[in-house]
Every structure is written in C-alpha cells, then in structure tokens.
Amino acid sequence: MRLSDLRALSRRNWLTVVAGAVAIVAIVMTLVWTGRHAWAIHKLGRGVGDTVFYDAAGRPWFRLDEQRRDVPFEQVATAFKDAVIAIEDHRFYRHPGIDPIALARAAVHNLENDGTQGGSTITQQLARTLFLSNARTFGRKAREAALAVMLEVFLSKREILELYFNRIYLSGGIYGVETMSQKMLRESNNAAAVLLQQQMGTGPVLRLARDLGVRDQPDVPSLALGSGLVTPLDLTAAYAVFPTLGYRVRPRGLVSVRNASGEHVAQVHVERERILAEPVAYQMLTMLQDVVDRGTGAAARRYGVRGAIGGKTGSTNAYRDGWFVGFSSAVVAGVWVGFDQPATIGNGASGARVALPIWSDFMRRVARQLPPQPFAAPDGLQSQELCRLSYARPLDGCPTYIEHFKEGDDIPSRLCPIHAGSLKEHAQRAIQGLLGALSRIFRDQADL
Ligand SMILES: [Zn+2]
C-alpha cells in the first residue's frame, strides 16, 4: 500500500469519526433535553404545584407565589371551557398536540401576508408558557412542537386544559377563571346586543318597547344595553308578552269593587292586545327559559323554584340597580333592588345576587297556589336538536338542546365542527366539508 493511499484512507476515517462524534453529541444533547423536560412534564401531572422555599432546618418556609390558587377543573364553568376551546383550538380533543391543519393554514397565511400567524394549539401555547421564551425562531417553534407532543403523551387532555386555564388565563392578572368567564360572557352578550341594534336601527326597537308599554326611551346606540329608565311596573308588565305568547296585558290595580250587598259596582276588565306573533313570542320565551336553566338566572333552581319558568337578570353600572323579571305560565313578577337616590348597593350586587333570591322566594310560594304548567310550542315552529356549543347539527357526544325555528329562519345544516363524534360521523363530516368546498368552487366559477 502506498503512503498516499494511507493518507486518503485516514482522511476519510477522520471525516467519519468527526461526523460520528457530532451525531453522538447531538443525540446525547437531544436525549438530555428530552429527558429533562419529560421529567418536568411528568411532575406537572402529579399536581400543578408551585415553587416552595425551605428554611435551614428543611421545613417548608414560603411559596414563591402565595397569591396563586389553582382553580380545579370541575370548578371552571363548562360554557367557559367550551368557549375557550372553540376560540383557541377547536380541534383540541382530536389532535396529538400539534394541529397540521392549523399549521398549514397559518403557513399559507404567512406566505401570502408576510405575517407571523401562529397556528398554535392550546397544548403548544401551554408548552411555550411553561418552558420556552417568546422569541419567534424556527428552533423555538420546533422545540415547542416537540414539547407539545410530550405533554400529550404524559398528560391527559383534561390535565392539559386545567394547566392551560390556570397558567395562561390566570397569569393575565385576573383572579380566578370563574371571575373571568362571568366577565367574558357579559362583554361576550353586550357587544352582540349593540351590533344587532345597529343593524336594525333604533326605530324598530323603540316602537316595540312602546308597544310593550315601555315609553320615553332614548334614541341612542346603547339603548340595547338598557340605558333608558324604566319603572318596575312597566318592565314587569312588558314581560307578560312572553308567557301569553304575544299579548300585551295592561296592569290593573283593582279587579272589581262590590258594595255592601255583594253586587259588583265596578269591574276592571283585562285589556289585551297582540304585539308579537305567536312563534316569535315562543322563541323569546325559550331563550328566557335558558337564562334560568343554564344562564345568569340559574341560581333560581338552587333557591327551589321548579317547573317551566323564564326570566332575565339586570344590573347597572357601579351596581346601583339589581333586577330580576321572570314568569311562569301563571304569574309574571319583577324585583328591583336599589336606593331612592341612585347609589351603589354593594360590590358585586348584581341582579342575580340581590334580586333573584327575592324573586325566587316569591315564586316558590306562589307555585303552591298557582302551579306552573309547561309552555306548549305553537304551530308554525320546527324544533331541531343542536349542539349547545357550536349551534350546528349534533354528533355523538355533543351536549345538545332544542332550538325552535319559524318559517324563514336559517336552520343549521352543517355538522358540529367542535366535538369528535363517531367514526362514521367523522367520515360524514369530511365528505360534507369536501362537498361544501366543491360547491363553493363551482359557485365562484359561475360568478366569474
Ligand atoms: Zn358539538
């Protein structure tokens, strides 16, 4: 063998050795990194934990964050959990930590708009918050994806959500997920009411209010939020339109007057006037029933009110007024709590807190004499079971409710995109998505 051959061989060997060493170092570093994080994630699963400082004698001294209290998963309102999943990551229950569909969509968006849309799942957001910096580099994105998959391997979806709510939502300085979900719902509702009023114009709203006996309301955009003044009697009377399925009833102070010999000398007749069509009144009635069955008036059930009832809470700025107006098939009652000269009743004195208990107590007693009957749906309505979260056609496992549609209403046809459903429904939804996309393409072609 010649010397030059030996040299060539050793050069090749050296290259192999160097490449091998680099590979081994990379593998060891990856293993160490993975192992360290796997251990950290494993510990996360055994309680959300906190950093505890120990004194010289080895006894626990104080916690890093005394203020932090983790909210157990069961105590977070279901509607809030569902809402966060719907907004942040609606395929949460179906992806393994990273969502290829969301990633692809974000990549396309970023290419087209030169942006930095994330496409991050709830699990990725949690991985980033727990373990990574906020720098937007490719390396960090890859580590985030790896950590997200590891989180999914070591923790259940439920544990991931619990950590997510406590670490991400609570770190925003809002004390308690519950507080926040009440805040979101109130905001999330007010905006919708104002938008609807803007689309319809104030005129029809004022006209309907007048028809219902609520007069002298201001012609302003915040009318839908209740910026006008109203008396308890007028407001309570206005709610009679729902259990009567469309009739306004003028309140009477007296029903009849009899003289000493028992003869009627005066009789005050019920004045009724149809204001709403039956199907419209019934749709409103079911919405107001939802307020009591799973909305802001739900405490009425805890106070012992039974049967078919509906109603609405009301609160004003700085808790100056607390309202609850509600009805059964037999009675309409309104409660207003406040001071003669407007002043704050107390911190957190919402309608649900101060007026609803009084209303519930009254309704519970009245029910002994006038038991509530179920409300029957009038003709001309079609009932449809829907997913309570997506308001789409339900799949296996969707929490459902019954929605009533009158002629001309849009009845949802697409299947729930949030819940998993059975394998068959999965396929059905995929086909529906494909057909929808195809029909959009053909429609766009036809438009051209
Ligand atoms: Zn659903």
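Residues numbered from 1 in each chain as written. Predicted model: local features only at pLDDT ≥ 70, side-chain atom pairs only at ≥ 80, totals over all residues.

1. Brief notes about the overall build of the chain
- Along its length, the chain carries 14 helices and 11 strands.
- A buried classification covers 22% of the 448 residues belonging to the chain. (Helix = DSSP H or I, 4+ residues; strand = E, 2+ residues; numbered from the N terminus. Buried ≥ 20, exposed ≤ 12 C-beta atoms within 10 Å, placed from the backbone.)

2. A short note on the sheet that holds strand S7 (residues 310-315)
- The three strands are arranged S7-S8-S9 in an open sheet whose pairing can be described as antiparallel. Bordering the open sheet on either side are S7 and strand S9 (332-338), each of which pairs with just one other strand. Each neighbouring strand pair of the sheet contributes to a mean axis angle of 5 degrees, computed without reference to strand direction.
- Examined bridge by bridge, S7 and strand S8 (residues 321-327) share six bridges and lie antiparallel to one another. Bridge assignment links Gly-310 to a residue of S8, and that residue is Phe-327.
- Sheet strands in contact with helix H13 (residues 356-369) are S7, S8 and S9, and its direction is about 150 degrees off that of S9. (Pairing = 2+ DSSP bridges. Axes fitted to C-alpha atoms, helices over the stretch in contact; angles between N-to-C directions. Contact = placed C-beta atoms within 7 Å.)

3. Points about unusual backbone geometry
- Phi angles above zero are rare outside glycine, and Leu-245 is one such case at about 55 degrees.
- Mapped onto the fold, Leu-245 is located in the loop between helix H9 (232-238) and strand S3 (247-249).
- Owing to 20 C-beta atoms within 10 Å, Leu-245 belongs among the buried residues under this scheme.

4. Quick look at H13
- Taking 1.5 Å of rise per residue, the 14 residues of H13 would be expected to cover 20 Å, and the 21 Å separating its terminal C-alpha atoms lies within 8% of that figure.
- Those residues of H13 not exposed but buried are Leu-356, Trp-359, Ser-360 and Met-363. Down the axis of H13, the smallest arc covering the buried residues is 95 degrees, so these residues share one side. Residues of H13 that are exposed and point more than 90 degrees away from the buried face comprise Arg-365, Arg-368 and Gln-369.
- Buried residues belonging to H13 abut helix H11 (299-302), S7, S8, S9 and helix H12 (351-354). (Expected span 1.5 Å × (residues − 1). Arc of directions from axis to C-beta.)

5. Let's talk about the nonpolar core
- Membership of the largest hydrophobic core comes to 32 residues, with the highest contact counts inside it found for Tyr-239, Phe-324 and Ala-355.
- When contributions to this core are tallied by element, the ones reaching two or more residues are H9, helix H10 (278-294), S8, S9, H12 and H13.
- Excluding anything up to four places from it in sequence, Ala-355 contacts Gly-322, Trp-323, Phe-324, Val-335, Trp-336 and Val-337.
- Of all hydrophobic cores here, the second largest spans 14 residues; its members include Ala-127, Leu-151, Ile-160 and Phe-165. (Core = buried A, V, L, I, M, F, W, Y, C linked by C-beta atoms within 7 Å.)

6. A few points about the packing of helix H4 (residues 122-131) against helix H5 (residues 138-154)
- Where H4 meets H5, the axes come as close as 8 Å, and the angle between the chain directions of the two elements is 105 degrees. For the element pair H4 / H5, the angle class is roughly perpendicular. The residues of H5 that touch H4, namely those facing Thr-123, Gln-124, Leu-126, Ala-127, Arg-128 and Phe-131, are Glu-144, Ala-145, Leu-147, Ala-148, Leu-151 and Glu-152. (Parallel < 35°, antiparallel > 145°, perpendicular 65-115°, else oblique.)

7. Some points on the confidence of the model for the chain
- When pLDDT is averaged along the chain, the result is 82; 84% of the residues meet or exceed 70.
- Contacts from residues 171-179, a stretch scored under 50 in pLDDT, to residues over four places away or in other chains number 13 contacts. (pLDDT = per-residue confidence, 0-100.)

8. Thoughts on the pairing of S9
- Of all the seven residues making up S9, five are buried; the element is thus mostly covered by neighbouring parts of the structure.
- Pairing of S8 with S9 involves seven bridges; the strand directions are antiparallel. What sits directly across from Gly-322, in S9, is Val-337.
- Where S8 folds back on S9, the antiparallel hairpin that results is connected by four residues.

9. Some points on the environment of Gln-267
- The residue Gln-267 is located in strand S5 (residues 264-267) in this model.
- By the C-beta count within 10 Å, which is 10 here, Gln-267 ends up exposed.
- With 13 residues separating them along the chain, Gln-267 and Leu-254 place their C-alpha atoms 8.2 Å apart.

10. Details of the environment of Ser-413
- As for its placement among the helices and strands, Ser-413 is situated in the loop between strand S11 (400-406) and helix H14 (423-447).
- Residue Ser-413 is classed as exposed on the basis of its 9 C-beta neighbours within 10 Å.
- Ser-413 sits 20 residues away from Arg-393 along the chain, and the two C-alpha atoms are 6.3 Å apart.

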